[in-house]
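Report on the structure
Each chain, letter by letter, is given below.
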Amino acid sequence: MAYITLNKTKLEHNFNQLQELFDSEGITWAVVGKLLCGNALFLEQVLELKPRQICDSRVSNLRKIKEIDPHIETIYIKPAPNGSIDEIVEYADISFNTELETIKLLSKEAVKQDKLHKIVIMVELGELREGVLREDLISFYEKVFSLPHIEIIGLGTNLTCMYGILPNNDKLIQLSLYKELLELKFNKKLPFISGGASVTLPLITAHQLPKAINHFRIGETLFMGTNAYDGSQYEAYEQHIFELHAEIIELHEKPMMPDGETGINMTGEKIEFDPAWEDVTKFRAIIDLGLLDIDTDHFFPVNAKHQLVGSSSDMMVIDLDSNPENLKVGDTLSFHMDYMGILRLMNSDYVEKKVIA
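This text gives an overview of the structure that appears in the document. Just so you know, these numbers come straight off a predicted model, no measurement behind them.

Our next topic: the pattern of salt bridges. For the structure on display, the rule yields 12 salt bridges. Across the salt bridge formed by lysine 118 and glutamate 73, the nearest N and O atoms sit 3.7 Å from each other. Of this pair, lysine 118 sits in strand S6 (residues 117–122) while glutamate 73 is found in strand S4 (residues 73–76), placing the two residues 45 residues apart along the sequence. On the basis of relative accessibility, which here comes to 18%, the residue glutamate 73 falls in the buried class. The partner of glutamate 183 in a salt bridge is lysine 189, and the shortest N-O contact between them spans 4.0 Å. On the basis of relative accessibility, which here comes to 11%, the residue glutamate 183 falls in the buried class. Beyond isolated ion pairs, a larger network of salt bridges with shared partners links Lys179, Glu183 and Lys189.

Next comes the structure, spelled out in structure tokens:
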């Protein structure tokens, strides 16, 4: 079997570190929970920390969050598909929006459900993912302003996720200026400027964050303890909150070099073998994990001397060298993962999820 663990103590430490930082700056923040893929066990650990808000990009996950804690404020953080409008109004207190016709549908559904639906208008600042073009923002806002049961509570932007465009003081000042312009023109306050994410945290410590940026959405630094700006690890935060464990289902000393004519493997590749493997035998462990569960580029043995030497849909082969630990069938090997590795595993029904203290 294979299972992924969440370390509750490490998670709480990172949450408290972030809370202290944001409190000192007068910033509201939301947990981005999409890494958890709606897993109720792990969501419960996050919600026990009492975040003010939690974000997700899947309405089914927001439904599970509301089932656990009906009072938590939820945010749907991508443009809403038309087929999910009713559920978004029901399970998301706030949604991020860029399309006028979609907001009209949200308004119509909010009237039907007799709810006030809050929205944040996303502004395009160079990442070229979601966002209203800056030159269209005033006319867009004007068309949304009077829609029934819709309240515009702020502006937001997304950077880094697709093309890696980094946030900086100049871009976020632009967002701040649009807030001021809209407030003056329409005589209505916009309480939130959601311009921050894990990648924006270094601007706080460098004192380069415009004061108007008062809302952050944080996932990576909370769950990974890493600096999304450059990939480094924060000393004050815990890393490896998640760990993967896979059972050894076969262990034999075998030649490293395959024997026979080689063709295309199951992933469509023709493998080239290291000549140094010729006439070499090592202990090779097969683990109960495969490409169905995780991409080989996104997980790494805790023991740096262990090396992945092959994989298929539901098994992977690990080189244990001379097996100095005297591992045997039934033992487990442990692995660290990057963000995408965790995301893939969390979406696998074949990998059990466990919480450890």
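Right, picking up where we left off after that structure.
Turning next to the packing of aromatic side chains. Counting across every chain of the model gives 10 aromatic pairs. Taking 6.0 Å as the distance between ring centres and 55° as the angle between the ring planes, the aromatic pair formed by phenylalanine 42 and phenylalanine 242 counts as tilted. Of this pair, phenylalanine 42 sits in helix H2 (residues 40–47) while phenylalanine 242 sits in strand S10 (residues 242–255), and the two are 200 residues apart along the sequence. Seen in terms of ring centroids, phenylalanine 145 and phenylalanine 186 are 5.4 Å apart; in terms of plane orientation they differ by 35°. Their pairing is tilted. With phenylalanine 145 in helix H6 (residues 137–145) and phenylalanine 186 in helix H7 (residues 169–186), this pair connects stretches of sequence that are 41 residues apart.

As a further point, take the sheet that holds S6. Strand pairing in a sheet takes place through backbone hydrogen bonds and is either antiparallel or parallel in direction. Strand order in the closed barrel formed by eight strands is S2-S3-S4-S5-S6-S7-S8-S9, with parallel pairing between adjacent strands. Each neighbouring strand pair of the sheet contributes to a mean axis angle of 30°, computed without reference to strand direction. For strand S8 (residues 192–197) and strand S9 (residues 215–218), the ladder comprises three bridges, and the chain directions are parallel. Its bridge partner lying in S9, alanine 197 is registered against arginine 217. Lying over the sheet, helix H5 (residues 100–113) contacts strand S5 (94–97), S6 and strand S7 (150–156), oriented at roughly 160° with respect to S5. Against the sheet, H6 touches S6 and S7, its axis set at about 160° to S7.

Looking now at helix H3 (residues 59–68). Along an α-helix, a turn takes 3.6 residues, which lines up residues three or four apart on a common side. Every buried residue belonging to H3 is among Val59, Asn61, Leu62, Ile65 and Lys66, and all of these are buried. Down the axis of H3, the buried set is contained in an arc of 150°. They therefore lie on one face. Against H2, strand S3 (53–56), S4 and helix H4 (85–91) lie the buried residues of H3.

Contact geometry of H6 with H7 gives a least axis separation of 11 Å together with a crossing angle of 50°. In terms of axis orientation, H6 runs oblique to H7. Pair H6 / H7 crosses with right-handed handedness. Between H6 and H7, the contacting residues are Leu137, Ile138, Tyr141, Glu142 and Phe145 on the first element and Tyr178, Leu181, Leu182, Lys185 and Phe186 on the second. Looking at the contact of H6 with H7 residue by residue, the classes come out as eight nonpolar, no polar and two charged.

Turning our attention to the layout of surface pockets. Computed from the structure, the second largest pocket encloses a volume of approximately 580 Å³. Forming the walls of the second largest pocket are 29 residues, and the residues nearest its centre are Lys34, Asn158, Leu159, Cys161 and Ala197. Among the elements of the structure, S8, S9 and helix H10 (339–346) are those that each provide at least two residues to the lining of the second largest pocket. Tallying contributions element by element places S8 first for the lining of the second largest pocket, with three residues. Each residue belonging to the lining of the second largest pocket can be placed in one class, and the counts come to 14 nonpolar, nine polar and six charged.

What follows deals with the pairing of strand S1 (residues 2–7). Along S1, six of the six residues are buried, which leaves the element largely enclosed by surrounding structure. Side chains of S1 alternate between two faces, with Ala2, Ile4 and Leu6 and Tyr3, Thr5 and Asn7 buried alike. Judged from the five bridges that link them, S1 and S10 form a sheet pairing that is antiparallel. Its bridge partner being in S10, alanine 2 is matched across the sheet by alanine 246. Sheet topology note: the S1/strand S16 (residues 352–356) ladder contains five bridges and is parallel. Of the residues in S16, the one forming a bridge with leucine 6 is valine 355.

Reading the values: the criteria
Residues numbered from 1 in each chain as written. Predicted model: local features only at pLDDT ≥ 70, side-chain atom pairs only at ≥ 80, totals over all residues. Heavy atoms only, no water. Salt bridge = Lys/Arg side-chain N within 4 Å of Asp/Glu carboxyl O. Helix = DSSP H or I, 4+ residues; strand = E, 2+ residues; numbered from the N terminus. Buried < 20%, exposed > 50% of the residue type's maximum accessible area, 1.4 Å probe, protein only. Phe/Tyr/Trp six-rings, centres within 6.5 Å; stacked < 30°, edge-to-face > 60°. Pairing = 2+ DSSP bridges. Axes fitted to C-alpha atoms, helices over the stretch in contact; angles between N-to-C directions. Contact = heavy atoms within 4.5 Å. Arc of directions from axis to C-beta. Parallel < 35°, antiparallel > 145°, perpendicular 65-115°, else oblique. Left-handed = near helix turned anticlockwise from the far one by under 90°. Nonpolar A, V, L, I, M, F, W, Y, C, P; charged D, E, K, R; others polar. 1 Å grid on protein atoms, 1.4 Å probe; cavity = no way out; pocket = protein on both sides within 12 Å on 5 of 7 lines; lining within 4 Å. Points joined across faces, edges and corners; volume = space filled by probe spheres on them.

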